Amino acid sequence: MSSRIFAIDTCEGNMRVFVSFEDLHLHQAVKQSVNVLVREFTGDESRSRERSERIVAVLIDLGITHVVGVPDNVTRLIFETLTADPRVAVVPVCREGEAWAIASGLWVGGCSPVVIIQNTGFLESGDALRGTATDMGIPLLVLMDYRGFKTLGKTDGREDSVARLFEPTMRAWEMPYEFLDEGNERAVLKGVFRNAVETQRPAAVILT
Amino acid sequence: MNRLECLNALHELRDPGTVVVTTMGSASPWSGISNSDLDFPSVGSAMGHAADFAMGLALARPRRKIWVFNGDGSMLMSLGTLVTIAQTPAPNLTVFVLENGTFEVTGNQPIPGAGFISFVRIARGAGIESVHDLDSVSAVKDRLPALLRYPGPHFVRIPIEAGNEPAPILDCSLRIPAYRLRKTLEEPRAGEARSESGIL
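Keep in mind it's a predicted model, so treat the numbers as computed, not measured. (Residues numbered from 1 in each chain as written. Chains lettered and ligands numbered in written order. Predicted model: local features only at pLDDT ≥ 70, side-chain atom pairs only at ≥ 80, totals over all residues. Heavy atoms only, no water.)

1. Things to note about the overall build of chain B
So, point 1. Each helix and strand counted, chain B has eight helices and eight strands in total.
So, point 2. Over its C-alpha trace chain B gives a radius of gyration of 16 Å, about what one expects of a compact globule, namely 16 Å for 200 residues.
So, point 3. Based on the C-alpha atoms only, the size of chain B along its principal axes is roughly 50 × 40 × 30 Å.
So, point 4. Looking at chain B as a whole, 56% of its 200 residues qualify as buried.
So, point 5. A fraction of 75% describes how many contacts in chain B between residues 6 or more apart in sequence connect residues 24 or more apart.
So, point 6. For chain B, the computed accessible surface area is about 8,800 Å², with 52% contributed by carbon and sulfur atoms.
So, point 7. Charged side chains of chain B number 18 positive and 20 negative; the gap between the two group centres comes to 7 Å. (Helix = DSSP H or I, 4+ residues; strand = E, 2+ residues; numbered from the N terminus. Rg over C-alpha atoms; globule rule 2.2 N^0.38 Å. Buried < 20%, exposed > 50% of the residue type's maximum accessible area, 1.4 Å probe, protein only. Contact = heavy atoms within 4.5 Å. Areas by Shrake-Rupley, 256 points an atom, 1.4 Å probe, with all protein chains shown as cover. Lys, Arg positive; Asp, Glu negative; His and termini not counted. Charge placed at Lys NZ, Arg CZ, Asp CG, Glu CD.)

Following this line, the structure appears as structure tokens:
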């Protein structure tokens with residue numbers, strides 16, 4: 001029990017806090033004071049870390065030189081693994097719009113970057129994507145965490161609006177995408193990267 | 001400072017191998033001054049993202065100088081970029097902010113903070129160490145060469161007069177200058193190592 005991880009999603013601001021089971025008493029206190037939902041985080045750290053390492057191995061095989069983006073609770077392990085790897089440079093940004101522009105500059109300069117962001121950042125940075133990577137025709141591999149995926153279809157008011165809006169927006173902005181499932185990391189990442197190169201446009205791999 | 005006098009001074013000081021990224025009020029005047037394959041007009045692109053695009057270029061091409069002529073309104077649209085530049089510093093990058101206090105190409109509406117904002121203090125506060133305020137053509141000519149001898153990234157604020165520059169329009173897809181610049185950067189320069197990674 002002590003290794004289990006919980007997430008606290010507040011109704012306001014979508015703040016997430018991950019704590020160990022020993023801190024559950026703190027959960028309860030917070031739950032009483034600010035009316036939050038406490039739910040168990042599915043999946044354990046070691047499994048997520050192994051998956052991140054598999055993803056990073058494929059990125060390196062693809063010749064990725066730079067990773068540009070903003071980590072979240074799902075992609076943080078990918079960033080941590082990449083930061084420890086001298087073959088790839090990690091470029092953290094303040095806002096997702098910068099990631100599209102920096103990655104575009106890196107590609108025009110002859111490098112092979114990847115952008116890693118959350119779907120919320122995708123919604124925030126639409127014009128930056130359009131005005132740089134899309135209009136410049138950058139064959140850019142993108143990894144995006146699908147925040148709220150498990151809330152899709154909930155009718156009790158708990159559906160995360162970013163989840164509801166995410167895929168329709170991806171389609172509206174003409175961003176091709178595929179989902180990454182456990183064990184198919186190599187095939188999906190390579191396939192989407194090939195698609196980006198052949199079509200000369202950004203293409204995304206979605207993490208759920 | 002007169003915009004054209006400023007840009008002409010910068011043109012005279014530019015090393016022929018320097019990549020120059022322009023946007024908004026500097027793009028069209030610069031195209032009348034310079035005709036280099038290393039010029040990149042960030043036109044029709046996302047406003048506020050010329051400086052971070054230039055940062056990407058600078059990280060990719062560490063042996064080339066990369067200049068970006070940003071507007072003050074454009075800089076405000078992505079102020080976080082200054083922190084991003086300080087976080088992952090490219091010694092070959094120089095960000096010029098041509099400050100006239102207005103969104104000029106849309107009719108000279110004042111930018112937020114016009115009259116009291118200090119880009120110099122913001123850049124320093126963001127963590128950029130080489131920050132300069134060149135408030136005359138003579139200051140540009142006299143001081144810029146010396147300060148660019150040191151590793152950057154550099155931030156240079158240049159006040160210019162407000163004008164009536166219309167919104168620049170690119171006569172082709174943005175893909176064309178992007179792919180052309182990539183190809184130009186792949187070609188070896190005379191007297192230079194053929195690979196910027198150091199592999200000959």
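2. Some words on the sheet that holds strand β7 (residues 130-133) of chain B
All names here are of chain B.
So, point 1. Read from one edge of the open sheet, six strands run β2-β1-β3-β4-β8-β7, paired in parallel fashion. Strands with a single pairing partner mark the edges of an open sheet, and in this sheet they are β2 (39-41) and β7. Each neighbouring strand pair of the sheet contributes to a mean axis angle of 15°, computed without reference to strand direction.
So, point 2. As paired elements, β7 and strand β8 (residues 154-159) share four bridges and run parallel to each other. Paired with H132 across the strands is V156, a residue of β8.
So, point 3. Where helix α1 (residues 3-13) meets the sheet, it contacts β3 (66-71), β4 (93-99) and β8, and its direction lies at approximately 175° from that of β3. (Pairing = 2+ DSSP bridges. Axes fitted to C-alpha atoms, helices over the stretch in contact; angles between N-to-C directions.)

3. Focus: the packing of aromatic side chains
All names here are of chain A.
So, point 1. If you walk through the whole model with that rule in mind, you get 13 aromatic pairs over all chains.
So, point 2. Geometrically, the ring pair formed by F122 and F166 is edge-to-face, given 6.0 Å between the ring centres and 80° between the ring planes. Of this pair, F122 sits in helix α5 (residues 119-124) while F166 is found in helix α7 (residues 161-172), placing the two residues 44 residues apart along the sequence. Grouping residues by exposure puts F122 and F166 together as buried.
So, point 3. Judged by centre distance (6.2 Å) and plane angle (50°), the rings of F149 and F179 are tilted. Separated by 30 residues along the polypeptide, F149 in the loop between β7 (141-145) and α7 and F179 in strand β8 (residues 177-180) bring together distant segments of the chain. (Phe/Tyr/Trp six-rings, centres within 6.5 Å; stacked < 30°, edge-to-face > 60°.)

4. Here we look at the interface of chain A and chain B
So, point 1. The interface of chain A with chain B comprises 27 residues on the first partner and 29 residues on the second.
So, point 2. Interface of chain A and chain B: buried area, both sides summed, is about 2,200 Å²; carbon and sulfur atoms make up 64% of it.
So, point 3. Counting across the chain A and chain B interface gives zero salt bridges.
So, point 4. For the side of chain A that touches chain B, the secondary-structure elements that each account for two or more residues are β5 (89-92), α4 (96-108) and α6 (126-136) of chain A.
So, point 5. Of the residues forming the side of chain A that touches chain B, the biggest block, nine residues, is contributed by α4(A).
So, point 6. Tallied by class, residues from the side of chain A that touches chain B come to 14 nonpolar, nine polar and four charged. (Buried area = accessible area lost by both parts, 1.4 Å probe. Salt bridge = Lys/Arg side-chain N within 4 Å of Asp/Glu carboxyl O. Nonpolar A, V, L, I, M, F, W, Y, C, P; charged D, E, K, R; others polar.)

5. With respect to helix α3 (residues 50-60) of chain B
So, point 1. Of all eleven residues in α3(B), eleven are buried; the element is thus mostly enclosed.
So, point 2. Three or more residues of α3(B) are buried, namely B:A50, B:A51, B:D52, B:F53, B:A54, B:M55, B:G56, B:L57, B:A58, B:L59 and B:A60.

6. Quick look at the nonpolar core
So, point 1. By size, the foremost hydrophobic cluster in this structure holds 65 residues, and its most contacted members are A:W100, A:M144 and B:F155.
So, point 2. It is α3(B) that contributes the most residues to this core, nine residues altogether.
So, point 3. Apart from the residues within four sequence positions on either side, A:M144 is in contact with A:I117, A:N119, A:F122, A:F166, A:M170, A:M175, A:A204, A:V205, A:I206 and A:L207.
So, point 4. In this structure, A:V56, A:L143, A:V192 and A:A203 belong to the second largest nonpolar core, which totals 25 residues. (Core = buried A, V, L, I, M, F, W, Y, C linked by side-chain atoms within 4.5 Å.)

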